Amino acid sequence: SLFAKMGAVCDVYDAITSNRPYKSGWDPAESMRKMGQWAEGHFDLTVFQAFAKSLGIYPVGSLVRLTSGLLGVVVQQSSGALTTPVVRAFYATKTQERIAPAILDLSEPACLEKIVAREDPARWNFPDLQTLWAGDMVPNIT
């Protein structure tokens, strides 16, 4: 049934992104990439495509690098385009130090930031990454 096909996609995404006692969860964007490789033959393609569209190209929790060199974590999808989510910037790669977290809505016309790359969270080893994307929103900056 359609509901079983939807449940299968959601179940796999949850399983590979969740932390378990025996393994760490995968990054959301990497999980979507891998699921996309598995899609044909594993999932109903139409259901998987709808799931991917709802999560966006950079799912919530994805660590991204912005044009300015700031690192941020995706906190929500925007109503704009799939490539312009709302990001909580918290680290300056140029100075190699934390900054006060700030919310950037990349879909806003006044926002000059764009995503230039997805970053591997394991490379940066931020112990509070999950807290950063799940925490309360802070005032916008652009």
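Notes on the structure follow. Given the structure is predicted, the values throughout are model-derived calculations rather than measurements.

**Quick word on the environment of Tyr91**
Looking at the element boundaries, Tyr91 is found in strand β3 (residues 86-92). Setting aside chain neighbours within four positions, we find Tyr91 in contact with Gly69, Leu70, Leu71, Gln96, Glu97, Arg98, Ile99, Trp124 and Phe126. Of the polar contacts made by the side chain of Tyr91, one reaches the backbone oxygen of Gln96; its length is 3.3 Å.

**With respect to the pairing of strand β4 (residues 97-105)**
Bridge count for β3 against β4 is six bridges, and the pairing is antiparallel. What sits directly across from Ala89, in β4, is Ala102. Here β3 folds back onto β4 in antiparallel fashion, the turn holding four residues, of which Gln96 has a positive phi close to 55 degrees.

**Let's talk about the pattern of salt bridges**
It is possible for side chains bearing opposite charge to pair when their charged atoms get close. Under the definition given, this model contains eight salt bridges. As a salt-bridge pair, Glu119 and Arg123 come within 3.2 Å of each other at their nearest N and O atoms. Residues participating in the shared-partner salt-bridge network are Asp27, Glu30, Arg33, Lys34 and Arg118.

**Quick notes on the sheet that holds strand β1 (residues 63-66)**
An order of β4-β3-β2-β1-β5 is seen for the five strands of this open sheet, with the pairing classed as antiparallel. Lying at the two open borders of the sheet, with one neighbouring strand each, are β4 and β5 (115-118). If you compare each strand with its neighbour and ignore which way they point, the axes differ by 35 degrees on average.

**Observations concerning unusual backbone geometry**
The backbone of Gln96 shows a phi angle near 55 degrees, a positive value even though the residue is not glycine. Tracing the sequence through the fold places Gln96 in the loop between β3 and β4. Here the phi dihedral of Asn125 falls at roughly 55 degrees; this positive angle occurs in a residue that is not glycine. With respect to the helices and strands, Asn125 occurs in the loop between α4 (121-124) and α5 (129-134). Exposure remark for Asn125: the relative accessible area of 61% places this residue in the exposed category.

**Some details on the packing of aromatic side chains**
For the structure shown, the criterion picks out seven aromatic pairs. For the ring pair Phe43 and Phe48, a centre distance of 5.8 Å and an interplane angle of 10 degrees mean the geometry is stacked. Between the aromatic rings of Phe90 and Phe126, the centroid separation amounts to 4.9 Å while the plane-to-plane angle is 80 degrees, which identifies the pairing as edge-to-face. Here the residue Phe90 occupies a position in strand β3, and Phe126 occupies one in the loop between α4 and α5, the gap between them amounting to 36 residues. Phe126 sits in the buried class, given a relative accessible area of 13%.

Criteria and thresholds
- Residues numbered from 1 in each chain as written.
- Predicted model: local features only at pLDDT ≥ 70, side-chain atom pairs only at ≥ 80, totals over all residues.
- Heavy atoms only, no water.
- Helix = DSSP H or I, 4+ residues; strand = E, 2+ residues; numbered from the N terminus.
- Contact = heavy atoms within 4.5 Å.
- Polar contact = N/O pair within 3.5 Å; in protein donor to acceptor, adjacent residues only side chain to side chain.
- Pairing = 2+ DSSP bridges.
- Salt bridge = Lys/Arg side-chain N within 4 Å of Asp/Glu carboxyl O.
- Axes fitted to C-alpha atoms, helices over the stretch in contact; angles between N-to-C directions.
- Buried < 20%, exposed > 50% of the residue type's maximum accessible area, 1.4 Å probe, protein only.
- Phe/Tyr/Trp six-rings, centres within 6.5 Å; stacked < 30°, edge-to-face > 60°.

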